[in-house]
Amino acid sequence: MDAATLRADADAVRSLLQSGHIAVGLTLFDAKRRSFTAWQSQQRLRRLQQQMAPQDGDVTPSLEEMADNWAREVLDIQQIILRDHAETALSHLGPHVMRLWQADVTVARCAAHEGAAEEARCVSQFRRAWAVHSDGLTRPQGRGADFPPDTPEGAAAEKVDVAPDMAACLDQLIKTRTSLAAALGFNHYRDLAYERLYRFDYGPAEILQFHASIRAHVVPLLKAYMQRRQLETGGRAIDQLEAEILTAFKTVSPIGGARLLYDRTLGILSDIDADQTLSQLCRQLLAQDKVALENDPDGAAWEKVLPAPFKDAAPFIAIKCNGQSQDVPIVTNALGRAYQYWQGASLSLYEYLLPTPEAAGIAPRALSLLAMGHVERLLKEGGAADYRRQFLLKILLGLVRAACIDGFEHAIYDHPEWSHDQRMTAWHELEKIYFPWREGQDGVWDEERRAWQQEDALFDRPFSAINTALSDCCAMQIWLSSRIDSGYAIELFKSLCALGGTYPYLNLLEKAGLISPFGTDVLPEIMHEVEELLWN
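Residues numbered from 1 in each chain as written. Predicted model: local features only at pLDDT ≥ 70, side-chain atom pairs only at ≥ 80, totals over all residues. Heavy atoms only, no water.

Enquirer: I'm lost on the overall build of the protein in this one. Help?
Expert: Of the regular secondary structure elements, the protein holds 25 helices and five strands. Buried positions account for 53% of the 536 residues belonging to the protein. Contacts in the protein between residues far apart in sequence, at least 24 positions, make up 72% of those at least 6 positions apart. When the accessible surface of the protein is summed, it comes to about 23100 Å², and 50% of that surface belongs to carbon and sulfur atoms. (Helix = DSSP H or I, 4+ residues; strand = E, 2+ residues; numbered from the N terminus. Buried < 20%, exposed > 50% of the residue type's maximum accessible area, 1.4 Å probe, protein only. Contact = heavy atoms within 4.5 Å. Areas by Shrake-Rupley, 256 points an atom, 1.4 Å probe, with all protein chains shown as cover.)

Enquirer: Even after reading the chapter, I still don't get the packing of helix α11 (residues 219–232) against helix α25 (residues 522–535), so can you show me in this structure?
Expert: Helices that pack against each other are described as a pair by the angle of their axes relative to one another and the distance between those axes. It is the contact of α11 with α25, at a shortest axis distance of 11 Å, that shows an interaxial angle of 10°. On the basis of the axis angle, α11 is roughly parallel to α25. Where α11 approaches α25, its residues L221, A224, Y225 and R228 are matched on the opposing element by M527, V530, E531, L534 and W535. When its residues are assigned to classes, the contact of α11 with α25 shows seven nonpolar, no polar and two charged. (Axes fitted to C-alpha atoms, helices over the stretch in contact; angles between N-to-C directions. Parallel < 35°, antiparallel > 145°, perpendicular 65-115°, else oblique. Nonpolar A, V, L, I, M, F, W, Y, C, P; charged D, E, K, R; others polar.)

Enquirer: Please clarify how the pattern of salt bridges should be interpreted in this entry.
Expert: Two side chains of opposite charge can pair, provided their charged atoms sit close to one another. Summed over all chains, the structure comprises 33 salt bridges. For E376, the salt bridge identified is with R388, shortest N-O distance 2.7 Å. Separated by twelve residues along the polypeptide, E376 in the loop between α17 (362–371) and α18 (384–414) and R388 in helix α18 bring together distant segments of the chain. Take E376: its relative accessible area is 42%, and that puts it in the partly exposed class. Residue R388 is classed as partly exposed on the basis of its relative accessible area, which comes to 23%. Here E429 and K432 are joined by a salt bridge, their closest N and O atoms 3.1 Å apart. (Salt bridge = Lys/Arg side-chain N within 4 Å of Asp/Glu carboxyl O.)

Enquirer: For this particular structure, what's the right way to read the side chain of R423?
Expert: Here R423 shows up in helix α19 (residues 420–434). When near neighbours in sequence (up to four residues on either side) are disregarded, R423 contacts L170, D171, I174, F408, I412, P416 and W418.

Enquirer: Sorry, what's going on with the packing of aromatic side chains here?
Expert: Each aromatic ring pair is described using two quantities: the centre-to-centre distance and the angle formed by the ring planes. The final tally for this structure, using the stated rule, is 18 aromatic pairs. Ring centres 6.4 Å apart and planes at 40° place the aromatic pair Y189 and F463 in the tilted group. Residue Y189 is located in helix α9 (residues 189–196), and its partner F463 is located in the loop between α21 (456–460) and α22 (466–482); the two are separated by 274 residues in the primary sequence. There is no split in this pair, since Y189 and F463 are both buried. For the pair F408 and W427, a centre-to-centre distance of 5.3 Å together with 75° between the ring planes defines the contact as edge-to-face. Placement of the pair is F408 in helix α18 and W427 in helix α19, with a sequence separation of 19 residues. The burial state of F408 is the same as that of W427; both residues are buried. (Phe/Tyr/Trp six-rings, centres within 6.5 Å; stacked < 30°, edge-to-face > 60°.)

Enquirer: I tried to follow the packing of α18 against α19 on my own but got confused; where do I start?
Expert: Two elements in contact, α18 and α19, have axes whose closest approach is 10 Å; the angle formed by their N-to-C orientations is 150°. One way to sum up the angle between α18 and α19 is to call them roughly antiparallel. Where α18 crosses over α19, the two elements pack in a sense that is right-handed. Residue-level inspection shows V400, A403, C404, I405, G407, F408 and I412 of α18 in contact with α19, the latter providing R423, M424, W427, L430, E431 and Y434. Residue classes in the contact of α18 with α19 are distributed as ten nonpolar, one polar and two charged. (Left-handed = near helix turned anticlockwise from the far one by under 90°.)

Enquirer: Mind showing me how you'd approach the sheet that holds strand β5 (residues 316–321) here?
Expert: The strands that make up a sheet are held in pairs by hydrogen bonds between backbone atoms, and each pair lies either parallel or antiparallel. Reading across from one edge, β3-β5-β4 is the order of the three strands in this open sheet, with mixed pairing throughout. At either end of the open sheet lies a strand with only one pairing partner, and these are β3 (291–295) and β4 (302–306). The average undirected angle you get between the axes of adjacent strands in this sheet is 5°. Relative to β3, helix α13 (residues 258–272) is tilted by about 130°, and along the sheet it contacts β3 and β5. (Pairing = 2+ DSSP bridges.)

Enquirer: What should I look at first to understand unusual backbone geometry in this one?
Expert: With a phi close to 60°, Y198 is a non-glycine residue in the positive phi region. Turning to its location among the elements, Y198 is positioned in the loop between α9 and α10 (204–217). Y198 gets classed as partly exposed once you look at its relative accessible area, which sits at 23%. In the Ramachandran plot, Q276 falls in the positive-phi region, its phi being about 65° despite a non-glycine side chain. Structurally, the position occupied by Q276 is in the loop between α13 and α14 (277–287).

Enquirer: Teacher, can you tell me more about the pairing of β5 here?
Expert: Counting buried positions along β5 yields six of six residues, so the element is predominantly enclosed. The two faces of β5 match: F316, A318 and K320 on one face and I317, I319 and C321 on the other face are all buried. Where β3 and β5 come together, five bridges link them in parallel fashion. Paired with E294 across the two strands is K320, which belongs to β5. As defined by bridge partners, β4 adjoins β5 across five bridges and the pair is classed as antiparallel.

Given below as structure tokens:
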């Protein structure tokens, strides 16, 4: 694969379109996109394998350049089709794909605008602040500043408060994004952000209703849990209890390394899936050498799933474990995502490979929740109850944090004229609403008043923080079904994956048999079940 090949592929599609062979051109366009993605996945897997077992040199030095070149070719063809052949394309592709392409063109217009350069500069400034010190609150200065923070030299470096820099960065981002949205014809920056996130069948009103549901049903449950834990621990500080949730699973250990966890998870899937489709995929991945498994007790655990977008072709998986029980959801998430890719690859159009962002996270989380009922097979003896409780608590705290951040984003982009002090007052008010258990805790309010600085989505991917919450709410519906009928829950999971990205978010949920998180009945039912598990 080289630049000349990519150009020739794109020219072949353009030639068919120009000569009036629209259907053939669309078919070839789909095939070429699949071929490039398959090649890209293979190259990325080789790069991941190189990270796991370092070799000399970069095996794919031109991968990013190739991807950028192909993205430009794809965008050009999309624009030609939307401009010159929209009616014919609509009959072949359907309204959802056409809407996705329109959003892609909008994103490209945004990237080409002069305001995008200033936005990128501010985001880069934020990333540099995180690169030098990962807490997002301070940066090293003077002697030792050039050393990693986990080295003795780095730890000894003087720490300087980054609040003024972060405040200035956010202020400039809000002004730049507001102007950029207006220049592109949007009445509000939020509308541009929603377009970038492919949110087509709902808007701010539904999201704000979701916030209200989290406040009404999740916040009180977490508050009660925190108060109970304080009594049980003799008045332990609230910030320590929150950290206990955020650093979940510290009290339990996995049964073994990556390969043993993979094999044990395969056994669980074989037991819970009557037609063995899930375990069949796991075995196929191993048989076709499409799984890279590594153990590194000194590194971070992670997983990556790369699509192979052809019918019946299994995706590629890379998993690194570090011997902590976070390894368990790393493996189950990866297999849930792999099954989703596997199903999507067999659908008729390239765009159907994966759902929009707020739906793409449902399958990985759902499979982790379904495996939770058998998690004792993945842990050393005695840790299953702690694991289940901490896993659920981490999801609940994630819902609350996402709603708080999203509420803050709505507020600051509704009022781009606000001063820094006005923004901090808004953050403080939201913190009191979403984290009421912190009230009366010495130092917690003042310390956490700057917690927005630690939320990369606020700077880098505005309005995206709520995506995980929307996914988790749907995944927990599948888990809730498993408490009644595990067979039905597995079929619910598989029916969702079989739909791929054929519909926008709400329509996809309806087709899969899931209820919209924007409804008033979803979270109360889930929280009732979670409460029983927490207290027992």
